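Next come the chains, spelled out residue by residue.
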Protein chains: 2
Amino acid sequence: MPRTQGGESVLSRAVRIIEAFGPGDTALTVTEISRRSGLHIATASRLVEELSGFGWLQRDEDRKVRIGVRMWELASRASPTLSLREAAMPVMEDLHSIVGQHIQLGVMEGDEVLFVERLTAPGAVINYTRVAGRLPLHASSSGLLLLAYAPAAQQERIIARPLEVYTDQTISTPQQLRSALAEVRRQGFAFLAGHLHPAAAGAAVPVRDPLGEVVAALAVIVPNDAIARSRIAVLQAASAAVTRSMEYPAPPPR
Amino acid sequence: MPRTQGGESVLSRAVRIIEAFGPGDTALTVTEISRRSGLHIATASRLVEELSGFGWLQRDEDRKVRIGVRMWELASRASPTLSLREAAMPVMEDLHSIVGQHIQLGVMEGDEVLFVERLTAPGAVINYTRVAGRLPLHASSSGLLLLAYAPAAQQERIIARPLEVYTDQTISTPQQLRSALAEVRRQGFAFLAGHLHPAAAGAAVPVRDPLGEVVAALAVIVPNDAIARSRIAVLQAASAAVTRSMEYPAPPPR
């Protein structure tokens, strides 16, 4: 792998260019990319130009740089989440028409929940989620659900960390988190009322692959009122429907 | 830019690795990647390893290589299509609940239509579209619509090419295509019955940005029957709603 003088590979620098785009950044100047990536402006400019040549970035009329449609296409088409999303989407649409609230599908990515699909309801309760957005594991119903079925080492790592507080309901101590995870496993769902925002409640159930592994959380975000919990049964039915329509994973090599 | 012995940059080789993933390929072996990219297997293996280190690719238990969730996340979040998709999705959901058929949103990409969102209806008519899938411009209602509003040079390029035939209804001659494009511009929509599949009809209308430029096609795929055309009015109303909820584009520099 050819390396630049600093010992860092060209590929690593190109990745830093793309990683400069944060949540909500649709367009950046080369100067901003240079500052965020820590690359010299000449290096950033050269890499932006080369990536634009492949259609992975694009320069606008206003000289700003955006992620190119070609990169989006490749990433979407071959995404490891594609078969999950394709299995889940028709079920999510049915669910959406029944409950008329936000429906979302999240997977564990790093130590956060990453939302890979979302159906919104105009005028429905407030929701912090967006597609390809992330939420912390301890404060969202999808995150807590996924953490409850995660490896013990990851659970201990999260329990040992400071837990960010969003409302007076947010789980904020190791003891509360440990007990909440045990409750999720016992019940088979996560229900958090007012943990991220006082007006919203989230209910999440596991989506299992045909081998029984938990691969995602299917959640509904509803107003924080007395009927919120009643959505869990329909969520569980929907989750089972997703599993049935998933492809059987390839067997591991012997 | 450091270059390899053959004069090709490392970045270009890395792009060839990712481009090896075609529509429907969720997992490839390193051997397949090497063959498709034309790179030596040792080079392919080294680049796969480096890209996996960034989370852009991932190796499964079965040794197959997949596009990594991190690449999907970056591409989805910063996608130039994001503001369009976010403006369109709530409207598409409403439309979907009214017509109960496939609803899709396509943009021009290269000389094809690329579908950036799709809502399906279980049990609805056959449809060849998938998210991040492509269709030819002359044979799909979304493609014909976008081509009708494309620059004249692109129209002439497509008209001059051989036109692939899918059914006995497919537009197959330069004269037919030229006349179909004029009809789309005159009517303000594209309606193709049985051009891709005898049982399906597509109706597409333009989605304009707040400056009046056509930026996407909003389409419904319905059974090829007498009522198919009646969907156009509701599509046009939905398209206007998308434009209203779009962000005003940044003004060009003076």
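Residues numbered from 1 in each chain as written. Chains lettered and ligands numbered in written order. Predicted model: local features only at pLDDT ≥ 70, side-chain atom pairs only at ≥ 80, totals over all residues. Heavy atoms only, no water.

Caption draft 1: Structural context of the pattern of salt bridges. By the definition in use, this model includes 20 salt bridges over all chains. Close ionic contact of Glu 109 of chain A with Arg 134 of chain A constitutes a salt bridge, the shortest N to O distance being 4.0 Å. Here Arg 134 of chain A lies in strand β5 (residues 134–136) and Glu 109 of chain A lies in strand β3 (residues 102–109), a separation of 25 residues in the sequence. Given a relative accessible area of 18%, Glu 109 of chain A falls into the buried group. Arg 134 of chain A is the salt-bridge partner of Glu 73 of chain B, the closest N and O atoms lying 2.5 Å from each other. On the criterion of chain membership, the pair formed by Glu 73 of chain B in helix α4 (residues 69–77) and Arg 134 of chain A in strand β5 is interchain, its members lying in two chains. We classify Arg 134 of chain A as partly exposed; its relative accessible area is 25%. (Salt bridge = Lys/Arg side-chain N within 4 Å of Asp/Glu carboxyl O. Helix = DSSP H or I, 4+ residues; strand = E, 2+ residues; numbered from the N terminus. Buried < 20%, exposed > 50% of the residue type's maximum accessible area, 1.4 Å probe, protein only.)

Caption draft 2: Inspection of the environment of Gln 175 of chain B at higher detail. With respect to the helices, strands and loops of the structure, Gln 175 of chain B is situated in helix α8 (residues 174–187). Along the primary structure Gln 175 of chain B and Ile 159 of chain B are separated by 16 residues, whereas in three dimensions their C-alpha atoms are 8.3 Å apart.

Caption draft 3: Local environment of the packing of helix α5 (residues 82–99) of chain A against helix α9 (residues 232–245) of chain A. Residues and elements named next belong to chain A. Contact geometry of α5 with α9 gives a least axis separation of 8 Å together with a crossing angle of 160°. In terms of their interaxial angle, α5 and α9 are classed as roughly antiparallel. The interaxial crossing formed by α5 with α9 has right-handed handedness. Of the residues in α9, those touching α5 at Ala 87, Ala 88, Val 91, Leu 95, Ile 98 and Val 99 are Val 234, Leu 235, Ala 238, Ala 241, Val 242 and Ser 245. Class assignment of the residues belonging to the contact of α5 with α9 gives a composition of 11 nonpolar, one polar and no charged. (Axes fitted to C-alpha atoms, helices over the stretch in contact; angles between N-to-C directions. Parallel < 35°, antiparallel > 145°, perpendicular 65-115°, else oblique. Left-handed = near helix turned anticlockwise from the far one by under 90°. Contact = heavy atoms within 4.5 Å. Nonpolar A, V, L, I, M, F, W, Y, C, P; charged D, E, K, R; others polar.)

Caption draft 4: View of the environment of Gly 202 of chain A. Residue and element names in this part refer to chain A. In this fold, Gly 202 is placed in strand β7 (residues 200–208). Here Gly 202 falls in the buried class, since its relative accessible area comes to 6%. Each C-alpha atom, one on Gly 202 and one on Val 222, is 6.3 Å from the other, the two residues being 20 residues apart in sequence. Here Gly 202 is in contact with Ser 141, Ala 190, Phe 191, Leu 192, Val 220 and Ile 221, once residues within four sequence places are set aside.

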